[in-house]
Amino acid sequence: MLAGLELGLDSPAFAVQLRFLSDIFLRLIKVIVAPLILGTLITGIAGHGDLRKVGRIGWKSLVYFEVVTTIALFLGVAAINLTKAGEGLAISTSTIAQTPPNSTPLHWTDFILHIFPENIVQSVAENQILQVAVFAILFAIALTRVPEQLQKPILNFAESLTQVMFRFTNIVMFFAPVGVGAAMAYTVGHMGIAVLLPLGKLLFTAYGALITFLLFVLLPIALFARIPLKRFLAAVAEPATIAFATSTSEAALPRAMECMEAFGVPRRIVAFVIPAGYSFNLDGSTLYLALASIFVAQAAGIHMTWPQQLVMVLTLMLTSKGLAGVPRAVLVVLLATSATFHLPTEPIFVMLGIDALIDMARTSVNVSGNCLASAVIARWEGELAETNSPQTRVTSFS
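Just so we're clear, the structure is a prediction, and the values are computed from it rather than from any experiment.

Caption draft 1: Quick look at unusual backbone geometry. Notably, lysine 84 is not glycine yet its phi reads approximately 50 degrees, a positive angle. Mapping lysine 84 onto the fold places it in the loop between helix H5 (56–83) and helix H6 (93–97). By relative accessible area, which is 37% here, lysine 84 ends up partly exposed.

What follows is the structure, encoded as structure tokens:
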């Protein structure tokens, strides 16, 4: 990012010609989106096809996940509409002209109809990511209703596809410094140093929204569920710190599960809720996705009405599931959302310059939210031990 910034300032004419490098990166990311969402949604839903066996824990967890992540999405939308950080990042008219123009708003029945695919291959080819997500959800539900011997080969294939696409993403990310540097060089060379001010506003907006989410959403949930705050903060401190330092939720997963079991959450609840939360309860990531999507629209000078923003939130709610293990997962989902709503991609690459700083905070919130979810479900089940003492735990269970 710094090299691209310097090149854009020192040699703007040359920097503008480097856009093809960021376009290569864009193409490589776009090719990941559809197979990755297919694989992650199918394994995320059908992989927990034994929800009927785990019974109450399963449906309670999913209800909790959807309520909390929906609140996070709306908070992100509210934050960016309040600060309007993207309005200072003016994208040139020539750039916007390269994206498909917004058509006349569809009637709500037309929109509902457009969600459902009639040809999944065509949906993938046209990058209709909402259609791909709906197909994957329905396919996964159908998969859970066939005999296990028929279910297992397809589920294994979907899981293999997911793992391969994770590795594919890792390979593409080796090119990320070149793509990000070229995008920053092009943007600064084309628009000047003024581009940094909106990025600073975006950074403060994201951190402010994430802190607000912690204080006004997760904290009240913990108080309502009568979670002992002092012990919980002590338990979650290490996994949250690991997540903040590494910007990787998966790096903190083993320690998070150990700490929450020591905190007093039964192993069977920890073993289900926290891994499932990595697919369905990405509080920090979903908040930032909503915020960043509206930022892109603001940067392009595209006014989105509240109904349009709600539709975007619905899309993000579906497409963001299951991407916790993907490096720069937000970039993948943002590009898919931008394609769906005909938004330009340049602001996304500009945002990559500060994405690492925001990624630390949102990953830490992801891990903290999943740890809290396990404690809340344990309390809901009446199985949360009140102290760390094993003797007390046995006594309280008896």
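Caption draft 2: The arrangement of the pattern of salt bridges in detail. Within this structure, the stated rule accounts for seven salt bridges. In this structure, arginine 255 and glutamate 238 form a salt bridge, with 3.0 Å as the shortest nitrogen-oxygen distance. Linking arginine 255 in helix H14 (residues 249–263) with glutamate 238 in helix H13 (residues 229–246), this pair joins segments that are 17 residues apart in sequence. Across the pair arginine 255 and glutamate 258 runs a salt bridge whose closest N-O atoms are separated by 2.7 Å.

Caption draft 3: Highlighting helix H11 (residues 176–191). Across its 16 residues, H11 extends 22 Å between first and last C-alpha, which sits within 8% of the 22 Å expected from 1.5 Å per residue. In terms of burial, H11 is a largely internal element, twelve of the 16 residues being buried. Within H11, burial applies to Ala176, Gly179, Val180, Gly181, Ala182, Ala183, Met184, Ala185, Tyr186, Thr187, Val188 and Gly189.

Calculation criteria
- Residues numbered from 1 in each chain as written.
- Predicted model: local features only at pLDDT ≥ 70, side-chain atom pairs only at ≥ 80, totals over all residues.
- Heavy atoms only, no water.
- Helix = DSSP H or I, 4+ residues; strand = E, 2+ residues; numbered from the N terminus.
- Buried < 20%, exposed > 50% of the residue type's maximum accessible area, 1.4 Å probe, protein only.
- Salt bridge = Lys/Arg side-chain N within 4 Å of Asp/Glu carboxyl O.
- Expected span 1.5 Å × (residues − 1).

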